[in-house]
Amino acid sequence: MTKEAKIISGVGIVFFVLFAFLIYKTNTGTIVVADPTLLIGQGSHMTGTKDAKVNVVEFGDYQCPACAYANPIVQQLIEAYKDNPNVNFVSRNFPLPQHSNAMVSAEAAQAAGAQGKFWEMSDMLYENQNEWSGNPKALKVFIGYAQKLGLDIKAFTDSINQKKFQDVINKDRSDGQALGVNSTPTFFINGEKFEGGLSFDAFKKKIDEKLQ
């Protein structure tokens with residue numbers, strides 16, 4: 001082997017080692033865990049308690065099509081772990097500025113939550129998203145949902161018109177921004193960030209890993 005060939009060969013080996021090392025570092029890098037003080041807000045709606053072994057936090061926008069797509073999976077997961085006190089699902093608001101009814105729909109969910117029907121209203125908003133998304137009279141549609149849920153309509157409507165939960169919603173969004181959320185849905189499982197939708201099986205696998 002000539003001197004030039006040996007140099008080229010040596011450079012190639014060094015490059016390969018460095019490349020392999022970078023891949024190793026990428027695949028075995030430490031997981032960045034979000035600030036726990038920002039994950040669950042004071043008064044956040046949840047299925048259990050924040051002391052659960054596994055906390056699944058979703059930052060969502062009711063007018064977001066991807067959130068509506070993910071919601072049946074979230075429903076399945078809540079059902080799957082409903083008898084397990086070690087798993088807690090938390091809902092946080094992250095209304096996107098491009099969605100005209102993001103804020104009022106978040107207000108509707110919070111207003112229903114004040115009467116003990118948060119999760120029911122959340123599901124109705126996602127399941128019927130096409131009915132009210134972009135509708136300038138969305139509140140009228142939400143009142144219809146509230147009637148189906150047997151809510152006090154005056155209290156529900158007054159809460160929304162008075163923007164009673166605006167500060168709560170804005171705090172959710174500011175916490176999300178501080179955590180690096182910039183799209184919906186964004187999930188955190190024990191502080192580990194997952195963006196976009198996951199399949200039921202993949203999501204359940206992640207939760208079960210945290211339970212071990």
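Residues numbered from 1 in each chain as written. Predicted model: local features only at pLDDT ≥ 70, side-chain atom pairs only at ≥ 80, totals over all residues. Heavy atoms only, no water.

Peer 1: Outline the overall build of the protein, supporting the account with residue identities and numerical values.
Peer 2: Looking only at helices and strands, the protein has 10 helices and five strands in total. Sorting the 212 residues of the protein into buried and exposed places 42% on the buried side. Considering only intrachain contacts with a sequence separation of at least 6, the fraction spanning at least 24 residues in the protein is 75%. By element, 56% of the accessible surface of the protein is carried by carbon and sulfur atoms, the whole surface being about 11,900 Å². (Helix = DSSP H or I, 4+ residues; strand = E, 2+ residues; numbered from the N terminus. Buried < 20%, exposed > 50% of the residue type's maximum accessible area, 1.4 Å probe, protein only. Contact = heavy atoms within 4.5 Å. Areas by Shrake-Rupley, 256 points an atom, 1.4 Å probe, with all protein chains shown as cover.)

Peer 1: Describe the packing of aromatic side chains, and please don't skip the residues or the numbers.
Peer 2: Each aromatic ring pair is characterised by the separation of its centres together with the angle its planes make. With the rule as written, the count across this model stands at eight aromatic pairs. Ring geometry for Tyr81 and Phe89: centres 6.5 Å apart, planes at 45°, overall tilted. Judged by relative accessible area, Tyr81 falls into the buried class, the value being 6%. Residue Phe89 is classed as buried on the basis of its relative accessible area, which comes to 5%. Ring centres 5.0 Å apart and planes at 85° place the aromatic pair Phe187 and Phe203 in the edge-to-face group. (Phe/Tyr/Trp six-rings, centres within 6.5 Å; stacked < 30°, edge-to-face > 60°.)

Peer 1: Now, about the pairing of strand 2 (residues 54-60): what can you tell me, with residues and values included?
Peer 2: In terms of burial, strand 2 is a largely internal element, seven of the seven residues being buried. Relative to strand 3 (residues 87-93), strand 2 runs parallel, the two sharing seven bridges. Looking at the pairing, Asn55 lines up with Asn88 of strand 3. In this fold, strand 2 hands off to helix 3 (residues 65-80), which returns the chain to strand 3; that crossover is right-handed. Note that strand 2 and strand 4 (residues 186-189) share four bridges and pair antiparallel. What sits directly across from Phe59, in strand 4, is Thr186. (Pairing = 2+ DSSP bridges. Right-handed = clockwise from strand over helix to strand, strands pointing away.)

Peer 1: Run through the packing of helix 5 (residues 118-127) against helix 7 (residues 138-148), naming residues and quoting values.
Peer 2: Where helix 5 contacts helix 7, the two axes come as close as 11 Å, and the packing angle between them is 135°. When the axes of helix 5 and helix 7 are compared, the pair comes out oblique. The handedness of the crossing between helix 5 and helix 7 comes out as right-handed. Where helix 5 abuts helix 7, its residues Met121, Met124 and Leu125 lie against Phe142, Tyr145, Ala146 and Lys148. Classifying every residue of the contact of helix 5 with helix 7 gives six nonpolar, no polar and one charged. (Axes fitted to C-alpha atoms, helices over the stretch in contact; angles between N-to-C directions. Parallel < 35°, antiparallel > 145°, perpendicular 65-115°, else oblique. Left-handed = near helix turned anticlockwise from the far one by under 90°. Nonpolar A, V, L, I, M, F, W, Y, C, P; charged D, E, K, R; others polar.)

Peer 1: Describe the environment of Gln110, and please don't skip the residues or the numbers.
Peer 2: Relative to the assigned elements, Gln110 resides in helix 4 (residues 102-113). Looking at Gln110, the relative accessible area reads 7%, which means it is buried. Linking Gln110 and Gln166, residues 56 residues apart in sequence, is a C-alpha distance of 9.5 Å. Aside from chain neighbours lying at most four places away, what touches Gln110 is His45, Asn93, Phe118, Phe165, Val168 and Ile169.

Peer 1: Describe the pairing of strand 3, with residues and values.
Peer 2: The buried count for strand 3 comes to seven of seven residues, which makes it a mostly enclosed element. Residues of strand 3 alternate between two faces, with Val87, Phe89, Ser91 and Asn93 on one and Asn88, Val90 and Arg92 on the opposite face, all of them buried.

Peer 1: Describe unusual backbone geometry, listing the residues and the values that go with them.
Peer 2: Note the cis peptide between Thr184 and Pro185, where omega equals -5°. Considering the arrangement of structural elements, one finds Pro185 in the loop between helix 9 (166-178) and strand 4. With a phi close to 50°, Lys163 is a non-glycine residue in the positive phi region. Along the polypeptide, Lys163 turns up in the loop between helix 8 (153-161) and helix 9. Judged by relative accessible area, Lys163 falls into the exposed class, the value being 51%. At Asn190, a residue that is not glycine, the phi angle is positive and equals roughly 50°. Along the chain, Asn190 falls in the loop between strand 4 and strand 5 (192-195).

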